[in-house]
Amino acid sequence: MSEHLLICPGCDAKNRVPSTRLQQVPLCGKCRAELVPSEALTLGGPKLDRLLANETLPLVVDFWAPWCGPCLQMAPVFSAAAGDMSGQLRLAKLDTEAHQAAAARFGIRSIPTLIAFHHGKEVARQSGALSAGQLRQWLESLKQS
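Treat the numbers as computed from the prediction; the structure is a model and nothing was measured. Starting from 1, residues in each chain are numbered consecutively following that chain's sequence as written. Predicted model: local features are reported for residues with pLDDT of at least 70 only, side-chain atom pairs are reported and counted for 80 or more only, and whole-chain, interface and lining totals are derived from all residues. Processing note: side-chain calculations cover all non-hydrogen atoms of the structure and skip hydrogens and water entirely.

### Things to note about the sheet that holds strand S5 (residues 90–95)
Adjacent strands of a sheet pair through backbone hydrogen bonds, lying either parallel or antiparallel. Quick note on the threshold: Two strands make a pair as long as DSSP finds a minimum of two bridges between them. Numbering of helices and strands runs from the N terminus, with a helix taken as a DSSP run of H or I at least four residues long and a strand as a DSSP run of E at least two residues long. Angles run from 0 to 180 degrees between N-to-C directions of axes, and those axes are lines fitted to C-alpha atoms, restricted for helices to the stretch in contact.
Strand order in the open sheet made by the five strands is S3-S5-S4-S6-S7, with mixed pairing throughout. Edge positions in the sheet fall to strand S3 (41–43) and strand S7 (121–127), since each has one partner strand and no second. Taking each pair of neighbouring strands and ignoring which way they run, the sheet shows an average axis angle of 25°.

What follows is the structure in structure tokens.
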């Protein structure tokens, strides 16, 4: 039986979860928070680093800014996708205005930019706002790779 290592969005504790339980709303062993919430996580630089260093579930980060029109337009689409992909991919958002060092470290030149990571390594990047269909297609391609 395969398992995933997940970082709790509430307390940052490491949790091992069998792959078969990812769709069953697993809870953190320490604080009882949902480990696979149906909404996108909100990240800062240190939280992103912890996820990249420890998680085995693929992570897709939306690098955005509150003043960016296309980012705001894509936000509900990204949030809906987080619910649809819960347990398959972890979706998260990082505000590049508030966390400029993290944005610079990943070479974010335009926003919104989506970066997919697996086992801490970048595996795909997409710049520009996507429609719901385009985002779904891109996320589905990540599950297959």
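Read on for the rest.
### A closer look at the pattern of salt bridges
To keep things clear, this is the line we draw: One speaks of a salt bridge when a side-chain nitrogen belonging to Lys or Arg is within 4 Å of a carboxyl oxygen belonging to Asp or Glu. The classification of residues rests on relative accessible area computed with a 1.4 Å probe and restricted to protein chains. Under 20% of the type maximum is buried, over 50% is exposed, and intermediate values are partly exposed.
Scanning all chains against the criterion turns up nine salt bridges. A salt bridge links Arg-90 to Glu-55; its shortest N-O distance comes to 2.8 Å. One end of the pair, Arg-90, is in strand S5; the other, Glu-55, is in the loop between helix H1 (45–54) and strand S4 (59–64), and 35 residues separate them in sequence. One salt bridge connects Lys-143 with Glu-140, and the closest N-O pair in it is separated by 3.2 Å. Of the two residues, Lys-143 and Glu-140 both sit in helix H4 (residues 132–144), three residues apart, roughly one turn of that helix. Classification of Lys-143 by relative accessible area gives partly exposed; the value is 32%. Its relative accessible area of 24% is what places Glu-140 among the partly exposed residues. Linked through salt bridges whose partners overlap, the residues forming this network are Asp-84, Arg-136, Glu-140 and Lys-143.

### Some points on helix H2 (residues 69–84)
Note the following rule: By this rule, a helix spans an expected 1.5 Å times one less than how many residues it contains. Think of it this way: the bend at a residue is just the angle between two axes, each fitted to seven residues, one set ending at that residue and the other starting at it.
Spanning 16 residues, H2 covers 24 Å between terminal C-alpha atoms, matching the ideal 22 Å at 1.5 Å per step. The sharpest bend along H2 measures roughly 35° and falls at Ala-75, with the proline Pro-76 sitting one to four residues further on. Of the positions making up H2, those classed as buried are Cys-71, Met-74, Phe-78, Ala-81 and Ala-82.

### Some details on the side chain of His-4
Where we set the bar: Contacts described as polar in this section are N or O atom pairs within 3.5 Å, which, within protein, must combine one atom able to donate a hydrogen with one able to accept it, while residues neighboring in sequence count only if both atoms come from side chains. Pairs of residues are marked as contacts when any of their non-hydrogen atoms sit within 4.5 Å.
Checked against the element boundaries, His-4 lands in strand S1 (residues 3–7). His-4 sits in the buried class, given a relative accessible area of 17%. At a separation of 2.9 Å, a polar atom in the side chain of His-4 contacts the side chain of Thr-56. Excluding its chain neighbours within four sequence positions, the residues that come into contact with His-4 are Asn-15, Arg-16, Val-17, Ser-19, Leu-22, Thr-56 and Leu-57.

### Looking at the environment of Trp-67
Note that Trp-67 resides in the loop between S4 and H2. With a relative accessible area of 60%, Trp-67 lands in the exposed category. Once you skip the residues sitting within four places of it in the chain, Trp-67 turns out to touch Glu-97 and Ile-111.

### Quick notes on the pairing of S4
For clarity, the cut-off: Crossover handedness is defined by viewing with both strands directed away from the observer: a clockwise path from the first strand over the helix to the second marks the crossover as right-handed.
Counting buried residues in S4 gives six out of six residues, a clear majority hidden from the surface. Here S4 shows two buried faces, one formed by Leu-59, Val-61 and Phe-63 and the other by Val-60, Asp-62 and Trp-64. Pairing of S4 with S5, which is carried by six bridges, proceeds in the parallel orientation. Directly across from Leu-59, in S5, lies its bridge partner Arg-90. You can see the chain leave S4, run along H2 and come back into S5, and the turn it takes is right-handed.

### So, the packing of aromatic side chains
Rules: Each Phe, Tyr or Trp ring, with Trp reduced to its six-membered ring, pairs with another whose centre is within 6.5 Å; inter-plane angles below 30 degrees give stacked pairs, above 60 give edge-to-face pairs, and intermediate values give tilted ones.
In the structure shown here, the tally under the stated rule is two aromatic pairs. An angle of 45° between the planes, with centres 5.8 Å apart, marks the rings of Phe-63 and Phe-106 as tilted. In this pair, Phe-63 sits in strand S4 while Phe-106 sits in the loop between helix H3 (100–105) and strand S6 (113–118), placing the two residues 43 residues apart along the sequence. Taken together, a centroid distance of 5.4 Å and an interplanar angle of 70° make the contact between Phe-106 and Phe-117 edge-to-face. Pair noted here: Phe-106 is in the loop between H3 and S6 and Phe-117 is in strand S6, with a separation of 11 residues, a long-range link. As far as burial versus exposure is concerned, Phe-106 and Phe-117 are alike and both buried. Site record: aromatic cluster; members linked through ring pairs are Phe-63, Phe-106 and Phe-117.

On their own, these measurements won't tell you what the molecule is for.
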